[in-house]
Amino acid sequence: MSMKGGLNRKSKTSSEVPSSSMADIAFLLLIFFMVSTVFQADKERGIEWAQAEATEKIDEKQKNILNIWVEANGDVFINDVQREMSEVRTVVAPLYRNNQSMVISVRSDRNVPYRYIDLVQKELVAAGVVRVVFATELEQSMTRERR
Amino acid sequence: MAVMGNKKTKVSDEIPSSSMADIAFLLLIFFLVTTVFPKDKGLSMVLPEESETVEVSQKNILHILIQPNGAVTIKRGESQQEQTVRPGDVEAIWRQDVAQNENLIAGVKTHPDTPYRFMIDVLDALQSAGAERISLQVLEGE
């Protein structure tokens, strides 16, 4: 074997791609996507849920659920925008036309007077939406006994 | 001196860090798999379609009137007899009445000033009892 310069040069530079920092690069990518991902969800309105024992999970894809928030003073919010009660049907109707399998989740404060809930229902019926869920929290039978 | 030095060089005193990233990834995948996002939950109802009015014989209706203070008044069909109960009692009443008349419809009439939670309590009781024909209305003129 010759011990000339060519062989020496070969042994100095590694022929492999350095893989020790691969994991770091993967983590950086991961963190980048975690930070830049925006979930389409409206912010919590800080309402007190009504409680019900018969609460069941809605077996529906997230994109088929439209939340209508009703605050304790009767303010209505759809997609983070406050709406007048009479506007609800004009807001909901086009959304329903695009997605016929839409379910409305009425998220109301437990203390809101019933007249607002009734108005919301009438608006929804006018918009043609009939599948409605009254959002509640699961009530344990223990708490009911105490009441 | 010579013996000690030899031993030292054989055992590395560092924690092997080459597999750290793998462990981190395993942890990450574990949490990805086990995370459950809270699902929407509530009481589902099907509202009547517009212009869908059905004439129902009075004797097939169980009127459930909810007053602003949370008191629940039960009126059966045509009889003028009233019965005041708590929201939780509606479940037993419905079970008892539907056994006698399987075409029974629950007409829940809520006073406009009644807090929402009382209506949910009644709806909860009805759904717990397996009622499916429920009509939600507003109590008017009282």
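Given the structure is predicted, the values throughout are model-derived calculations rather than measurements. Along each chain, residues carry numbers from 1 onward, in the same order as the chain's sequence is written. All chains are assigned letters beginning at A, and all ligands numbers beginning at 1, according to the order in which they are written. Residue-level local features of this predicted model are given only where pLDDT is at least 70; pairs of side-chain atoms are given and counted only at 80 or more, and the full residue set underlies all totals for whole chains, interfaces and linings. The basis for the side-chain values is all heavy atoms of the structure; hydrogens and waters are excluded.

*Asks:* Talk me through the packing of helix α3 (residues 90-100) of chain B against helix α4 (residues 116-128) of chain B; I want residue IDs and the actual numbers.
*Replies:* All names here are of chain B. Two numbers describe how α3 lies on α4: the axes approach to 8 Å, and their chain directions differ by 40 degrees. By the angle class used here, α3 and α4 are oblique. Where α3 crosses over α4, the handedness of that crossing is right-handed. Along its contact with α3, which presents Val90, Glu91, Trp94 and Arg95, the element α4 presents Val122, Ala125, Leu126 and Ser128. Lys, Arg, Asp and Glu make up the charged group, whereas Ala, Val, Leu, Ile, Met, Phe, Trp, Tyr, Cys and Pro make up the nonpolar group; the residues left over, Gly among them, are polar. The residue makeup of the contact of α3 with α4, split by class, is five nonpolar, one polar and two charged. The axes used here are C-alpha line fits, helices contributing only the stretch in contact, and every angle between their N-to-C directions lies in the interval 0 to 180 degrees. Secondary structure counts use DSSP, requiring at least four H or I residues in a row for a helix and at least two E residues in a row for a strand, with both numbered from the N terminus. Working rule for angles: under 35 degrees goes down as roughly parallel, over 145 as roughly antiparallel, 65 to 115 as roughly perpendicular, anything else as oblique. It is the rotation of the near helix from the far one that decides the hand of a crossing: anticlockwise by less than a right angle makes it left-handed, clockwise makes it right-handed. Two residues form a contact once any of their heavy atoms are found within 4.5 Å.

*Asks:* How would you explain the packing of aromatic side chains if you had to name every residue and give the values?
*Replies:* In this analysis, rings of Phe, Tyr and Trp, with Trp reduced to its six-membered ring, are considered paired at centre separations within 6.5 Å, and the interplanar angle assigns stacked below 30 degrees, edge-to-face beyond 60, and tilted for intermediate values. Tallied over the entire structure, the rule returns five aromatic pairs over all chains. Ring geometry for Phe30 of chain B against Phe31 of chain B: centres 5.3 Å apart, planes inclined by 70 degrees, an arrangement best described as edge-to-face.

*Asks:* Lay out the sheet that holds strand β5 (residues 81-83) of chain A with the relevant residues and their values.
*Replies:* Backbone-to-backbone hydrogen bonds pair the strands of a sheet. The strands run either parallel or antiparallel. What the seven strands build is an open sheet, ordered β2(A)-β1(B)-β7(A)-β6(A)-β3(A)-β4(A)-β5(A); its pairing is mixed. Looking at the sheet topology across the chains shown, the edges are occupied by β2 (56-57) and β5 of chain A. Being paired, for any two strands, means DSSP has found at least two bridges between them. Where strand β3 (residues 65-70) of chain A meets strand β6 (residues 103-108) of chain A, six bridges bridge the pair, whose relative direction is parallel. When the sheet's bridge partners are listed, Val70 of chain A is paired in β6 of chain A with Ser108 of chain A. Across the sheet, helix α4 (residues 114-127) of chain A touches β3, β4 (76-78), β6 and β7 (131-135) of chain A, and the angle it forms with β3 of chain A is around 145 degrees. Of the strands in this sheet, β6 and β7 of chain A together with β1 (41-46) of chain B touch α4 of chain B, which is tilted by about 75 degrees from β1 of chain B.

*Asks:* Lay out the pairing of strand β6 (residues 134-138) of chain B in plain terms, naming residues and giving numbers.
*Replies:* All names here are of chain B. We call a residue buried when its accessible area falls under 20% of the maximum for its residue type, exposed when it is over 50%, and partly exposed in between, using a 1.4 Å probe and counting protein chains only. Residues Ile134, Leu136 and Val138 line the buried face of β6, whereas the alternating positions Ser135 and Gln137 sit on a face that is not buried. In terms of strand pairing, strand β5 (residues 105-110) meets β6 through five bridges, oriented parallel. Looking at the pairing, Val108 lines up with Leu136 of β6. Crossovers are marked right-handed if the path from the first strand over the helix to the second runs clockwise, as seen with the strands pointing away from the viewer. Handedness of the β5-α4-β6 crossover: right-handed.

*Asks:* Lay out the nonpolar core in plain terms, naming residues and giving numbers.
*Replies:* Throughout, nonpolar core names a set of buried Ala, Val, Leu, Ile, Met, Phe, Trp, Tyr and Cys residues whose side chains join them through atoms within 4.5 Å. With 55 residues, the main nonpolar core has Ile68, Val92, Ile104, Leu124 and Phe134 of chain A together with Ile64 and Leu126 of chain B as its most contacted residues. Looking at this core, the element that brings in the most residues is α4 of chain B, giving eight residues. Other than its neighbours up to four places away in sequence, Ile64 of chain B contacts Val72, Thr73, Ile74, Val90, Ala106, Gly107, Val108, Lys109, Val122 and Leu126 of chain B.

*Asks:* Would you mind going over the pattern of salt bridges in detail, with residue names and values included?
*Replies:* Two side chains bearing opposite charge may form a pair once their charged atoms approach each other closely. Residues and elements named next belong to chain A. What makes a salt bridge here is a side-chain nitrogen of Lys or Arg within 4 Å of a carboxyl oxygen of Asp or Glu, nothing more. Following the criterion strictly, the structure yields ten salt bridges over all chains and no others. We note a salt bridge from Arg110 to Glu48, for which the minimum N-O separation is 3.9 Å. Pair noted here: Arg110 is in the loop between β6 and α4 and Glu48 is in the loop between α2 (22-36) and β1 (51-52), with a separation of 62 residues, a long-range link. Overall, Arg110 belongs to the partly exposed group, its relative accessible area being 25%. The salt bridge partner of Asp118 is Lys122, with a shortest N-O separation of 2.6 Å. Pair noted here: Asp118 and Lys122 are both in helix α4, with a separation of four residues, about one helical turn. Classification of Lys122 as partly exposed rests on a relative accessible area of 48%.

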